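Here's the letter readout for the chains.
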Amino acid sequence: MNNTKILEINNLYVNVNATQIIKGLNLSINSGEVHAIMGKNGSGKSTLAKVIAGHPIYNITKGKILFKGEDITFEEPEERSHKGIFLAFQYPVEIPGVSNTDFLRLAYNSKRKAYNEKELDPLSFFDLINKKMQSIDMNSIFLTRNVNEGFSGGEKKRNEILQMDLLESQLSILDETDSGLDIDALKTISNRINELKNKNHTIILITHYQRLLDYITPNYIHIMREGQIIYTGDKNTAKNLEKYGYECIP
Ligand code: ADP
Ligand code: MG
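- The name an unreviewed UniProt entry assigns to the protein is Probable ATP-dependent transporter ycf16, from the organism Plocamium cartilagineum.

Set out below in structure tokens:
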């Protein structure tokens, strides 16, 4: 079947600490598409990403989020993750005292468990994760380090892509994954994202820069302003933005 809707957001309003941040947002995404979300700092992009993933701090006061036609507006983040939603954070958290390999294996196995699949033993997991790390030029030393602890900005972003790869989600939201990456890392990671994107893996890219979109071509580019999507264009929108700035958006 063509054009299956993976995500639909209807008239969404979101508060945090009594401040309204998302104000009547609509968004509709078909399975297999790539959507970029751009917009000035503070327009609500990261809030939207976290609300889709189910971050508990945000309070939805109106509207609906449907994932594959199912209402997930008030679902727990774990459930959403098991259903196939993945968020790569703009600011990945450090988890001192937890090794990266334990963290990744736990995340992987808890998803398998949710699907009634057998958990992977540590050795088989090591083989799996090692292959995935090679595909993004990530040294296996990062398995023994604590999650993101002391990782450089770029190393944290690679680690997020590794998680995305591992969890084989159906909808991945990448919040400024390109920021902090040097040109080589940007190429490597973009290539991997392109390899992982397919008709069953939809991607939302939040970015400020055309250069990411030179590598990963979006089907649509949405512009956010003050908690709403105020404009939707195609891949050329970002080029115009780079040239003329946000003033060119009506
Ligand atoms: P963007 O990612 O587009 O730069 P954000 O979604 O991070 O924007 O933030 C949108 C607005 O919401 C900003 O003004 C920010 O300060 C505010 N905001 C986000 N999270 C919180 C919070 N936990 N408490 C108070 N204000 C917040
Ligand atoms: Mg942000």
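## Description of the UniProt feature "domain: ABC transporter" (unreviewed entry) in the protein
- Look at the UniProt record and you will see "domain: ABC transporter" (unreviewed entry) annotated at residues 7-249.
- Between the C-alpha atoms that bound residues 7-249 the distance is 25 Å, and the span itself is 38% helix and 30% strand.

## Focus: the sheet that holds strand 2 (residues 19-30)
- The four strands are arranged 2-1-4-5 in an open sheet whose pairing can be described as antiparallel. In this open sheet, the two strands that pair with only one neighbour each are strand 2 and strand 5 (70-71).
- Each of strand 1 (5-16), strand 2 and strand 4 (59-67) is contacted by helix 1 (residues 45-53), which is oriented at about 115° to strand 1, the strand it contacts most.

## Here's the deal with the site of ligand 1
- By nearness alone, 13 residues border ligand 1, and Gly42, Gly44, Lys45, Ser46 and Thr47 come closest of all.
- The contact in question runs from an oxygen atom of ligand 1 to an N or O atom on the backbone of Ser43, over 3.2 Å.
- The side chain of Lys45 places a nitrogen or oxygen atom 2.8 Å from an oxygen atom of ligand 1.
- In the complex, 62% of the free accessible area of ligand 1, which totals 560 Å², lies under the protein chains.
- Here the element with the most residues in the shell around ligand 1 is helix 1; it accounts for three residues.
- Of the residues belonging to the shell around ligand 1, the class tally is four nonpolar, seven polar and two charged.

## Here's the deal with the coordination of the magnesium ion (ligand 2)
- Coordination of the magnesium ion (ligand 2) by the protein comes from Ser46 (OG) and Gln90 (OE1), over a distance range of 2.1 to 2.2 Å. Of this pair, Ser46 sits in helix 1 while Gln90 is found in the loop between strand 6 (85-88) and strand 7 (95-99), placing the two residues 44 residues apart along the sequence. Of the two residues, Ser46 and Gln90, both sit in the buried class.

## A look at the layout of surface pockets
- One number sums up the size of the largest pocket: a volume of about 710 Å³.
- As for the largest pocket, its lining consists of 29 residues, and the residues nearest its centre are Ser81, Leu87, Phe89, Phe103 and Gln163.
- Elements represented by at least two residues in the lining of the largest pocket include exactly helix 1, helix 2 (77-83), strand 6, helix 3 (100-114) and helix 6 (153-167).
- If you tally residues by element for the lining of the largest pocket, the top one is helix 3, at six residues.
- Its residues placed into classes, the lining of the largest pocket shows 16 nonpolar, eight polar and five charged.

## What about the sheet that holds strand 12 (residues 228-233)?
- What the six strands build is an open sheet, ordered 6-9-10-3-11-12; its pairing is mixed. Only two strands of the sheet have a single partner each, and these edge strands are strand 6 and strand 12. Strand-to-strand twist across the sheet, computed as the mean angle between neighbouring axes with direction ignored, equals 20°.
- The strands touched by helix 9 (residues 236-244) within the sheet are strand 3 (34-39), strand 11 (220-225) and strand 12, with strand 11 carrying the most contacts at an inclination of about 45°.

Thresholds, definitions, all that
Residues numbered from 1 in each chain as written. Chains lettered and ligands numbered in written order. Predicted model: local features only at pLDDT ≥ 70, side-chain atom pairs only at ≥ 80, totals over all residues. Heavy atoms only, no water. UniProt positions renumbered as here; feature names shortened; annotations may be inferred. Helix = DSSP H or I, 4+ residues; strand = E, 2+ residues; numbered from the N terminus. Pairing = 2+ DSSP bridges. Contact = heavy atoms within 4.5 Å. Axes fitted to C-alpha atoms, helices over the stretch in contact; angles between N-to-C directions. Near = heavy atom within 4 Å. Polar contact = N/O pair within 3.5 Å; in protein donor to acceptor, adjacent residues only side chain to side chain. Areas by Shrake-Rupley, 256 points an atom, 1.4 Å probe, with all protein chains shown as cover. Nonpolar A, V, L, I, M, F, W, Y, C, P; charged D, E, K, R; others polar. Donors = N, O, S within 2.8 Å, 3.2 Å for Na, K, Ca; no water. Buried < 20%, exposed > 50% of the residue type's maximum accessible area, 1.4 Å probe, protein only. 1 Å grid on protein atoms, 1.4 Å probe; cavity = no way out; pocket = protein on both sides within 12 Å on 5 of 7 lines; lining within 4 Å. Points joined across faces, edges and corners; volume = space filled by probe spheres on them.

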